[in-house]
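# Breakdown of the fold
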Amino acid sequence: MSAKPEQLKRRKRFTWRKQDFELTLLAIPTTIWYILFCYLPMFGIIIAFKQFKISGGFISNVVNSPWVGFKNFEFLFKSNDAWIIIRNTIGYNIIFIITGIVLPVLFAIMIGLLHNRKASKVYQTMMFLPYFLSWVVISAVGWAFFSFDKGILNQFLGNIGHDPVNWYMQPEYWPYILVLLNIWKGIGYGMIIYLATITAIDSSYYEAAVIDGASIWQQTRFITLPLLKLVIVMMFILSVGRIFYTDFGLFFQVTRDSNSLYNVATTVDVLVYKQLKSATIGMASAAAFVQSVLGCITILSANWIVKKIDPDSAMI
Amino acid sequence: MATKTYESGLDKFNRTSKGINILFNTIFLVIALACVVPVIVVLSISLTNESYIRDVGYSIFPADFSFEAYSFIAKQGTMILRALGTSTLVTVVGTVLGVLLTTSMGYVISRPSYKLKSFLTWIVFIPMVFNGGLVSSYFINANLLGLKDSFWALILPLAVSSFNVIICKTFFTSTIPDGVIESAEIDGANQIRIFFSIILPISLPVLATIGLFLCFSYWNDWFQSMLYIDNPNLYSLQALLNNLMTNADALARNAQSMGVSSAELIAKMPKESARMAVAILIILPVACAYPFFQRYFISGLTVGAVKG
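Conventions adopted
Residues numbered from 1 in each chain as written. Chains lettered and ligands numbered in written order. Predicted model: local features only at pLDDT ≥ 70, side-chain atom pairs only at ≥ 80, totals over all residues. Heavy atoms only, no water. UniProt positions renumbered as here; feature names shortened; annotations may be inferred. Phe/Tyr/Trp six-rings, centres within 6.5 Å; stacked < 30°, edge-to-face > 60°. Helix = DSSP H or I, 4+ residues; strand = E, 2+ residues; numbered from the N terminus. Buried < 20%, exposed > 50% of the residue type's maximum accessible area, 1.4 Å probe, protein only. Lys NZ or Arg CZ within 6 Å of the ring centre and 35° of its normal. Contact = heavy atoms within 4.5 Å.

By the naming in an unreviewed UniProt entry, chain A goes by Sugar ABC transporter permease and is assigned to Paenibacillus odorifer. Regarding chain A, the relevant UniProt record gives this comment under Sequence similarities (unreviewed entry): "Belongs to the binding-protein-dependent transport system permease family." Comment text from UniProt for chain A, heading Subcellular location (unreviewed entry), reads "Cell membrane".

Attention shifts here to the packing of aromatic side chains. Any aromatic ring pair is given by two values, namely how distant the centres are and how the planes are angled relative to each other. A complete count under the given rule lists 44 aromatic pairs over all chains for this structure. Ring centres of A:Phe128 and B:Tyr290 lie 6.4 Å apart, and the angle between their planes is 85°; this geometry places the pair in the edge-to-face category. With A:Phe128 in helix H6 (residues 117–128) and B:Tyr290 in helix H16 (residues 271–305), the pair connects residues from two separate chains. Both residues of the pair, A:Phe128 and B:Tyr290, belong to the buried class. Joined through ring pairs, the aromatic side chains of A:Phe128, A:Tyr131, A:Phe132, A:Tyr189, B:Phe216 and B:Tyr290 make up one cluster. Taking NZ or CZ as reference, A:Arg256 lies 4.0 Å from the ring centre of A:Trp143, over its face. Geometry around A:Tyr168 places A:Arg256 over its ring, the cationic atom sitting 5.7 Å from the centre.

Let's shift gears to the UniProt feature "transmembrane region" (unreviewed entry) in chain A. Here the UniProt feature "transmembrane region" (unreviewed entry) sits at residues 21–49, 90–114, 126–146, 173–201, 222–245 and 281–306 of chain A. Helix makes up 71% of residues 126–146 of chain A and strand 0%. Its end C-alpha atoms lie 23 Å apart.

All names here are of chain B. Inspection of the secondary structure assignment puts leucine 281 in helix H16. Separated by 43 residues in the primary sequence, leucine 281 and glutamine 238 place their C-alpha atoms 9.9 Å from one another. For leucine 281, the contacting residues outside a window of four places in its chain are Ile80, Trp219 and Leu237.

What follows is the structure in structure tokens.
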């Protein structure tokens, strides 16, 4: 911003110019949107502390339903599911964070080393495709492979003389399937983020390294990786900040909401949705409240850590 | 330019041996195929004769080629066509509305001398950190705002994302010279006019980025339908496929039977291939469009990474 004359600065503070009026007019629609779709729900959080009934008007319901304090939370944490859900949510997220960083970084470095640029573009485009598919479509894709009587996997098992597996009833396979699908969907996207950083590295570093006789492995180890480190740390911290949130589509759509898979595929988001749909509002709103608050705390702490490492990359 | 460094830098000093290069190429070929082949499988199932699927099962290559599913969709699938219409309309209206709401807010908070700048920046920023959660959002949208079973339930909740607003703000602060706006002000244009006839036309890169993000997220959305839509006439393609995944007869039950009883229709209809044909109907536009827009996405990701 260019320096403004002192006089103008002082005037700005006191008078409401025509310009400010017009800009406010321009901002009103989006501000209303924010109030309706972001801020009203923040106050709606109060229903976690109430015995809420679904029928009738929303506001009168919120006002009239009896205050129960932390009863809903007690129910939530006393249920047997609480432990499974916390384990699933955090456990999958830890695996996703690790695989979501190691593999894309590895592939981004590898694809940068390919001799043929055209081939590398083609691979990138092909690997980007799953990112653009919705979970409903992916669940249809999954069905084509995992269906018990018609699925391709069971036909293959039959061909090699193996008994067919009822995939949607066997919880032991699903942690692997879910992790693989998550990698499959996100690999192209992750790779491109790191590749963008690699392509932005000043080529004179490599030039100097080559003159000093560094091999391509030494260049990767001493130039590419150290310069990627900052982005890697940022991506790591940002994903840690989302550790209480999971991809609802992955856990709900792809598993086709199969009851046999409850123990391995129920995360906080799935629980909240199911409780909401089965009208167990108390527990659902308590779970959603815990998720929001813990989410807020982790995001703020992640941001605080980012600020320590690199002040420019912090959100706030 | 970043890409130039890439080509002249890494390329020039790219000294991996031939063997390693072949190994890497093989690895990428396998992964790239693993990303694409499942979609091709869905396509080939949609093109397979229903009786073959019933007897043998799904296959990677269309073993018994037939357009049965697609001709069923064209002839019988009023519901599919309506869902296609809903999806298209939601995508178009949502994208236009979303772009307008996002860019106008981005522009306003990018004006350094605007009085409410910091207040509005906080309005945008707070939801990035804290949200009301699914339950209270659901009740606000469904009960208070009356969006249950309404077309707007598919559009409004997804229209603005703070992340996109920040991308716009960053773009406006970093690329639009103050002089352009000042000279327009001197010529007597008001801010609204400046925004629509000067700022938007010269901001095509960011409009394309945000527009594409919104476009793909509207087209791919199924969650809003699952939450708010019970009326089958308002199903989007995603909601319809979602329904078909749990119940393949859903289509026949809701389709207008042209002279045939619905029981007859259920018996006749190519359930398995029709299900995959709907999936293809969803995938096809996305798969055709994204390679052309890939660079906008990449630039969008990089713009997002730069803090304003």
